[in-house]
Amino acid sequence: MSTGSDVRETTAPVLSATAADLDALLLIRHVEESLLELFASGELSGTTHTCLGQEYIPVALRTLLREDDFVFSNHRGHGHYLARFGDPAGLLAEIMGRDGAVCGGVGGSQHILREGYLSTGVQGESLPVAAGMALHLSRARPGSLAVAHIGDGTWGEGAVYEALNLAALWRLPLLVVVENNGIAQSTPTTSQMAGSIAGRAAAFGVDHIRVTSTDLARIRGLLGPLVDTARRRPSPLVVEFVTHRLGPHSKGDDTRSPDDVAAAAAFDWYAAATATGDEHFLRADKRLRATVAAVVSEVAARPRSQWTARGSR
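What this report covers is the structure whose coordinates are included nearby. None of these values were measured; they are calculated from a predicted model.

Definitions and limits used
Residues numbered from 1 in each chain as written. Predicted model: local features only at pLDDT ≥ 70, side-chain atom pairs only at ≥ 80, totals over all residues. Heavy atoms only, no water. Pairing = 2+ DSSP bridges. Helix = DSSP H or I, 4+ residues; strand = E, 2+ residues; numbered from the N terminus. Core = buried A, V, L, I, M, F, W, Y, C linked by side-chain atoms within 4.5 Å. Buried < 20%, exposed > 50% of the residue type's maximum accessible area, 1.4 Å probe, protein only. Contact = heavy atoms within 4.5 Å. Axes fitted to C-alpha atoms, helices over the stretch in contact; angles between N-to-C directions. Parallel < 35°, antiparallel > 145°, perpendicular 65-115°, else oblique. Left-handed = near helix turned anticlockwise from the far one by under 90°. Nonpolar A, V, L, I, M, F, W, Y, C, P; charged D, E, K, R; others polar. Polar contact = N/O pair within 3.5 Å; in protein donor to acceptor, adjacent residues only side chain to side chain. Salt bridge = Lys/Arg side-chain N within 4 Å of Asp/Glu carboxyl O.

**Re the pairing of strand β8 (residues 207-211)**
Of the strand pairs in this sheet, β8 and strand β9 (residues 237-242) are connected by five bridges, and their pairing is parallel. Pairing of Val211 across the sheet is with Phe241, part of β9.

Set out below in structure tokens:
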């Protein structure tokens, strides 16, 4: 009998990070916290979904990916964007509808297009598109990967299985990154998924690996050879990260019990690192907090982008 993908086994938070890794992690953390504050103060329109607690996933992957790979993100994608481009001003301007926005301010939090990067708020939509891109890359840029970030809830979409079927049949260079945080919006995985993600990948003959660590060096050591193999001998690979969503689904709509929220918080890499009192970490944390605050202030002072200004008339 397979174990359900809702099993929350994982290791205690461990943070072994280079200076660049630490800056990337803290940049994402403070941008996400700032976005929640901006929304609460009425500075943002639409919605926003943060990746608080899951920042280490795109940061761990960033050194394994290349510029010629194509990353497909999702509704909880700010961390994917920042790990890829290190561009808080462009992202914040996009979400706030200000000059300098990545997509003129019309994409907002969920729909961002940049060279080699696309995010969408529609669950499951990105995977068949990523499979098509993987087919193109296999012909035009051998060695490049299409990388699609999805969640445990996305496995309720039929498009996921159609994409995996074709990816397996055509041996496409497709890396499926599953951020399994145990809850699909407000529905626990135990209530919406039978079997396991590993079992579903196996049904198509697709390799699967489950990652329960937050240690960047350990994650890279585990995944590095598999990613290299996917480049040399193209075939799809499903990488399932057992992770924890610290914040609400979006804005402030958290339906979890206080015990469930506390259990997720126990695996927060940021809280664990702060508790150590490490001076290097605390200095970096203070510096990145100030950096993000300055970017937020500067972007907020910009005029509205021509597209958002036109829409407000």
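Read on, since the account is not over.
**Let's talk about the nonpolar core**
Judged by nonpolar contacts, the single largest core of 55 residues is most densely connected at Leu26, Val31, Tyr56, Leu92, Leu223, Val239 and Phe241. Leave out the neighbours within four places in its chain, and Val239 touches Leu175, Val176, Val177, Val178, Ile209, Val211 and Leu223.

**Some words on the packing of helix α1 (residues 19-40) against helix α12 (residues 279-300)**
Contact pair α1 / α12: the axes reach a minimum separation of 9 Å and the direction vectors enclose 45°. Classified by the interaxial angle, the pair formed by α1 and α12 is oblique. Where α1 crosses over α12, the handedness of that crossing is right-handed. Touching Leu22, Asp23, Leu26, Leu27, His30, Val31, Glu33, Ser34 and Leu38 of α1 are His280, Phe281, Ala284, Asp285, Arg287, Leu288, Arg289, Val292 and Val296, all from α12. Residue composition of the contact of α1 with α12, grouped by class: ten nonpolar, three polar and five charged.

**A few points about the side chain of Asp268**
Tracing the chain through its elements places Asp268 in the loop between α10 (258-265) and α11 (269-276). Looking at Asp268, its side chain comes within polar contact range of the side chain of Arg29, at 2.8 Å.

**Notes on the pattern of salt bridges**
Summed over all chains, the structure comprises twelve salt bridges. The partner of Arg62 in a salt bridge is Asp21, with the nearest N and O atoms 3.0 Å apart. Here Arg62 is found in helix α2 (residues 56-62), whereas its partner Asp21 is found in helix α1, with 41 residues between them in sequence. By relative accessible area, which is 27% here, Arg62 ends up partly exposed. With a closest N to O distance of 2.8 Å, Asp268 and Arg29 form a salt bridge. With a gap of 239 residues between them, Asp268 in the loop between α10 and α11 and Arg29 in helix α1 connect regions that are remote in the sequence. Here the two residues Asp268 and Arg29 agree in accessibility, since each one is buried. Among the ionic contacts, a cluster of salt bridges with common partners joins Asp21, Arg62 and Arg220.

**Description of the environment of Leu282**
In this structure, Leu282 sits in helix α12. Given a relative accessible area of 35%, Leu282 falls into the partly exposed group. Look past the residues within four positions of Leu282 in its chain and what remains in contact with it is Thr274 and Gly277.

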